[in-house]
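Results of the structural survey
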Amino acid sequence: MMRSLLWKDFRLNTLIWRIGLALGILPYLGAVALAMLRDGPSWPGTMFWSAVLTQAALLSLAGSELTLTLLGGNVIACERADRSAEFLAYLPPSRAQVLGSKALVSLGAAALIWVPNLLIADLLAPALHDGSVDIAALQQASLRWGLAATGILLFGAGWLGSALLDSPAVAVGFGFGLWIAVIASFAASTNTLGWPTAERVAAWYAASSAVLGALCIGIGSCLYLRRIEP
Amino acid sequence: MSGQFPAGSAIELVGLTKRYGTSVVVDRLSLSVPRGSTFGLIGPNGAGKSTTIKMLMGLLAPTSGSARVLGFDVATRSRDVRRQVGYVPETHQIYRWMRVGEVVGFVKLLYDSWDDRLCEDLLDRFALDRNKRVKHLSKGAIAKLGLLLAIAHKPEVLVLDEPVSGMDPIIREEFLEGVLQAVADGRRTILFSSHNLDDVRRLADSVAILCEGRLVVHRDTDALLASTKRVTAVLKDGCLPRGAPEGVIWQRVARREWSLTITDFSGEVLGRLKDENPIETVTVEDLGLEDIFKDYIKGRRAVE
Amino acid sequence: MRIDPKSHVPIYLQIVEGIRSEIGSGLRRPGESLPSLRALAVELLVNPNTVQRAYEELERQGLIISRRGVGMFVATTDEEVTRGSEEEAVLDTFRKGIASARAARISTRGITQLFEVALGQTRRRAGGRT
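Residues numbered from 1 in each chain as written. Chains lettered and ligands numbered in written order. Predicted model: local features only at pLDDT ≥ 70, side-chain atom pairs only at ≥ 80, totals over all residues. Heavy atoms only, no water.

1. Observations concerning the overall build of chain A
For chain A, the count of helices and strands is 10 helices and zero strands. By its C-alpha atoms, chain A is 65 × 50 × 25 Å across when sized along the principal axes. The buried share of chain A, taken over its 230 residues, is 45%. Considering only contacts in chain A between residues 6 or more positions apart, those separated by 24 or more positions represent 82%. Put simply, chain A has 13 plus and 12 minus side-chain charges, and the middle of one group is 10 Å from the middle of the other. (Helix = DSSP H or I, 4+ residues; strand = E, 2+ residues; numbered from the N terminus. Buried < 20%, exposed > 50% of the residue type's maximum accessible area, 1.4 Å probe, protein only. Contact = heavy atoms within 4.5 Å. Lys, Arg positive; Asp, Glu negative; His and termini not counted. Charge placed at Lys NZ, Arg CZ, Asp CG, Glu CD.)

Have a look at this one:
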């Protein structure tokens, strides 16, 4: 049963997989292009690669935030947009199973985005490192928390929009909208209230984004499960 | 014929109601469909047939009342209902991007009772091309695919919502043959709604007429036809009818002619009619299902 | 055989009449099997329960016979049994007639001649039909 659902949900997001692949790979292609431009026909040294790959990994994660937003907004709403949800509604799978399949596919996508990039940034790049540049500064590990939290928020808001609405585009818009609202409220509050340090702001931003994102996923899921009409 | 159907009802509706704001689409509908029988649901457009069917499939939440299918309460055990019921909706929303073969492969794994051989049989019989995408299928082919998906898992109950509406006569025949071949074996229950009264006459053991959300009549098809008659009485000059007998579902007076459609007709009823009214001559005729249907609806509407 | 859904005659009776005329016209011969419930239902596009009702009625009328586990067949046995008993009845009448002739001391040849005369008389009365 789940096999059918997983296959179906995988196929439903084909366009998003293609976009995701492009966004994920682009920084690495950029790195290769940079190498070509800089050193001509010869191949650059490993230190170069160490630095550049670390940057590319970060850019890949950043670009993939779009992928996650698109996924969140599309994953439920696409079946409502073309009314195929009505077909699924009279088949045996429970709403929990249908939703579970979408969650698994989304989790798989998130893993595919993060795991390779983390491996490159934390295993490959350091392995190529020769100590001449401070890699830690390049890794900007603290930025990762921010990216992860933003990812959860963007995906979660899209997921909520997807559960409420029947247009994937609007749901994606809702995803971005909520994120922008969070950013704006942080900007406004730091201006008016004043925050101690940049790190604190970053920490608060990450924490609240993650929590808000998780909340959105929870609410969206509950709403979907309790609805009777497809 | 009463001992023919296995015990228990396949479908049971009790006080089923659906309200949208102030308009009542289905009004306190109660009926029971015995297992193994074929049940025809007829009514004018907007009578609430589709809404009723969606409620008994668990696709729409009723405002009040309950529906049980094969003993399962649709509100709480809808999964059990979906596993044992094959449903053919009026408009199909099968994933348009899938190929026929992919649709079959997708649906197959969702049912424990899927019969591969039957599925292959039906794909051949319905001449469905496995490689064609659903969006490229003709309307008739999609309908047949929908039927295949509904019967290949050998359901106990088959529910069809206006299955042959808009079909050309050849596809309609192929579709009905497909239904009869695979499902109609006296043990399975079929419920279908239709505007085609000829089909209802041919296929339904019992028939129910819905009008403006209310159940007007629910009867064995042959019994309904045998007991409902059209009486045309010529009235004496200058006289009007005094009282209509019980069981009149429709009547009309035009000049000296008083026409009535009477249910549960008998010699006694005719006698009483003649005794109580200034009648010169009277003729009694049998009616087809279409006339009976129209008279029930006209009679209802005259009252409201 | 065609079913008319517009007619008020119950469908099962239309089927009974249809099969009866098919048997009568020789389209269905004695001993021939009838289609299964499902097969006839599909062919006529009617409810199999209706076909069953029709078959039950035809069986009641003695036109068809059900053979357990095999299906429904056009009746022959009934015909033969009737035939047999009719012939038995005629034989009985002949025996009684012969007994009376013997009692009147009529010879075998005499009996045969008397029989020919009677046959000739009934032939003339029936208008030339044998």
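2. Quick notes on the overall build of chain B
Assigned secondary structure in chain B consists of 10 helices and 14 strands. Each principal axis of the C-alpha atoms in chain B carries an extent, and together these give about 75 × 40 × 40 Å. Put simply, chain B has 304 residues, and 55% of those count as buried. Of all intrachain contacts in chain B linking residues separated by at least 6 positions in sequence, the fraction that spans at least 24 positions is 70%.

3. A look at the packing of helix H2 (residues 14-39) of chain A against helix H3 (residues 46-75) of chain A
Residues and elements named next belong to chain A. It is at 8 Å that the axes of H2 and H3 come closest, and there the two elements cross at 160°. Classified by the angle their axes make, H2 and H3 are roughly antiparallel. For H2 against H3, the interelement crossing comes out right-handed. Partitioning the contact of H2 with H3 into residue classes produces 20 nonpolar, seven polar and one charged. (Axes fitted to C-alpha atoms, helices over the stretch in contact; angles between N-to-C directions. Parallel < 35°, antiparallel > 145°, perpendicular 65-115°, else oblique. Left-handed = near helix turned anticlockwise from the far one by under 90°. Nonpolar A, V, L, I, M, F, W, Y, C, P; charged D, E, K, R; others polar.)

4. Section: the sheet that holds strand S3 (residues 38-42) of chain B
Residues and elements named next belong to chain B. Strand order in the open sheet formed by six strands is S6-S7-S8-S3-S9-S10, with mixed pairing between adjacent strands. Strands with a single pairing partner mark the edges of an open sheet, and in this sheet they are strand S6 (85-88) and strand S10 (214-220). For this sheet, the mean angle separating the axes of adjacent strands, direction not counted, is 15°. With four bridges connecting them, S3 and strand S9 (residues 206-211) associate as parallel partners. In the sheet register, Ile42 faces S9, and the bridge partner there is Ile209. In this fold helix H1 (residues 49-56) packs onto S3, S6, strand S7 (157-161), strand S8 (189-193) and S9, with an angle of close to 150° to the strand it touches most, S7. (Pairing = 2+ DSSP bridges.)

5. Examining the nonpolar core
Counting residues in each nonpolar core, the largest one holds 124 residues, and the members touching the most others are Phe106(B) and Leu148(B). Among the elements that make up this core, the one with the highest residue count is helix H5 (residues 139-151) of chain B (nine residues). When neighbours within four sequence positions are excluded, Phe106(B) is seen to be in contact with Ser4(A), Leu5(A), Trp7(A), Lys8(A), Phe87(A), Leu88(A), Leu91(A), Tyr95(B) and Met98(B). Counting 19 residues, the second-largest nonpolar core is a separate cluster that includes Val16(C), Leu40(C), Val46(C) and Leu58(C). (Core = buried A, V, L, I, M, F, W, Y, C linked by side-chain atoms within 4.5 Å.)

6. A short note on the interface of chain C and chain B
Facing the 21 residues of chain C at the interface are 23 residues of chain B. Both faces considered, chain C and chain B share a buried interface measuring about 2100 Å² in area, 49% of it formed by carbon and sulfur atoms. There are two salt bridges connecting chain C and chain B. If you look at where chain C meets chain B, you find 14 residue pairs in polar contact (both at pLDDT 80 or more). Residue assignment for the side of chain C that touches chain B shows that the elements contributing at least two residues are helix H1 (11-24), helix H2 (37-44) and helix H3 (48-60) of chain C. A breakdown of the residues in the side of chain C that touches chain B according to their chemical character gives 12 nonpolar, five polar and four charged. (Buried area = accessible area lost by both parts, 1.4 Å probe. Salt bridge = Lys/Arg side-chain N within 4 Å of Asp/Glu carboxyl O. Polar contact = N/O pair within 3.5 Å; in protein donor to acceptor, adjacent residues only side chain to side chain.)

7. Here's the deal with the packing of aromatic side chains
With the rule as written, the count across this model stands at 12 aromatic pairs over all chains. For the ring pair Tyr95(B) and Trp97(B), a centre distance of 5.8 Å and an interplane angle of 55° mean the geometry is tilted. You'll find Tyr95(B) and Trp97(B) in the same group, each marked buried. Aromatic rings pair up to connect Trp7(A), Phe87(A), Tyr90(A), Tyr87(B), Tyr95(B), Trp97(B) and Phe106(B) into one cluster. When the ring centre of Trp250(B) is taken as reference, the NZ or CZ atom of Lys298(B) above it lies at 4.6 Å. Taking the ring centre of Tyr12(C) as reference, the NZ or CZ of Arg53(C) above it sits at 4.2 Å. (Phe/Tyr/Trp six-rings, centres within 6.5 Å; stacked < 30°, edge-to-face > 60°. Lys NZ or Arg CZ within 6 Å of the ring centre and 35° of its normal.)

8. A few points about the pattern of salt bridges
Enumeration over the complete set of coordinates arrives at 34 salt bridges over all chains. For Glu156(B), the salt bridge identified is with Arg35(B), shortest N-O distance 4.0 Å. Placement of the pair is Glu156(B) in the loop between H5 and S7 and Arg35(B) in the loop between strand S2 (23-34) and S3, with a sequence separation of 121 residues. Looking at Glu156(B), the relative accessible area reads 32%, which means it is partly exposed. Where Lys96(C) meets Asp92(C), a salt bridge forms, and the shortest distance between an N and an O atom there is 3.1 Å. Linking Lys96(C) with Asp92(C), this pair stays in helix H4 (residues 77-103), spanning four residues, or about one helical turn.

9. Some points on the environment of Ser194(B)
All names here are of chain B. Tracing the sequence through the fold places Ser194 in the loop between S8 and helix H7 (197-203). Since its relative accessible area comes to 5%, Ser194 is described here as buried. Between the C-alpha atoms of Ser194 and Thr17, which are 177 residues apart in sequence, the distance is 21 Å.

10. Description of the side chain of Lys18(B)
On the secondary structure map, Lys18(B) appears in strand S1 (residues 9-20). Apart from residues lying up to four places away in sequence, Lys18(B) is in contact with Ser23(B), Val24(B), Val25(B), Val26(B), Thr51(B), Met55(B), Leu60(B), Ala61(B), Pro62(B) and Thr63(B).

11. Observations regarding the interface of chain A and chain B
Contacts between the two partners involve 25 residues from chain A, matched on the other side by 25 residues from chain B. Interface area lost by chain A to chain B is led by Phe87(A), Tyr90(A) and Pro92(A), which between them contribute 31%. Applying the counting criterion to the chain A and chain B interface returns one salt bridge. Where chain A touches chain B, the interface holds seven residue pairs in polar contact (both at pLDDT 80 or more). Within the residue set of the side of chain A that touches chain B, elements represented by two or more residues are helix H1 (2-12) and helix H5 (84-89) of chain A. Examining the composition of the side of chain A that touches chain B, we find that seven residues originate from one element, H1(A), more than from any other. Of the residues belonging to the side of chain A that touches chain B, the class tally is 13 nonpolar, four polar and eight charged.

12. Describing the side chain of Ser193(B)
Inspection of the secondary structure assignment puts Ser193(B) in strand S8. Each residue touching Ser193(B), except ones within four places of it in the same chain, is listed here: Leu41(B), Lys49(B), Ile53(B), Leu160(B), Asp161(B), Glu162(B) and Pro163(B).

13. Focus: unusual backbone geometry
For Arg28(B), which is not a glycine, the phi torsion comes out positive at approximately 45°. Relative to the helices and strands, Arg28(B) resides in strand S2. Of note, Leu45(C) is a non-glycine position whose phi angle comes to about 60°, a positive value.

Interpretation in functional terms is not warranted from these geometric data alone.
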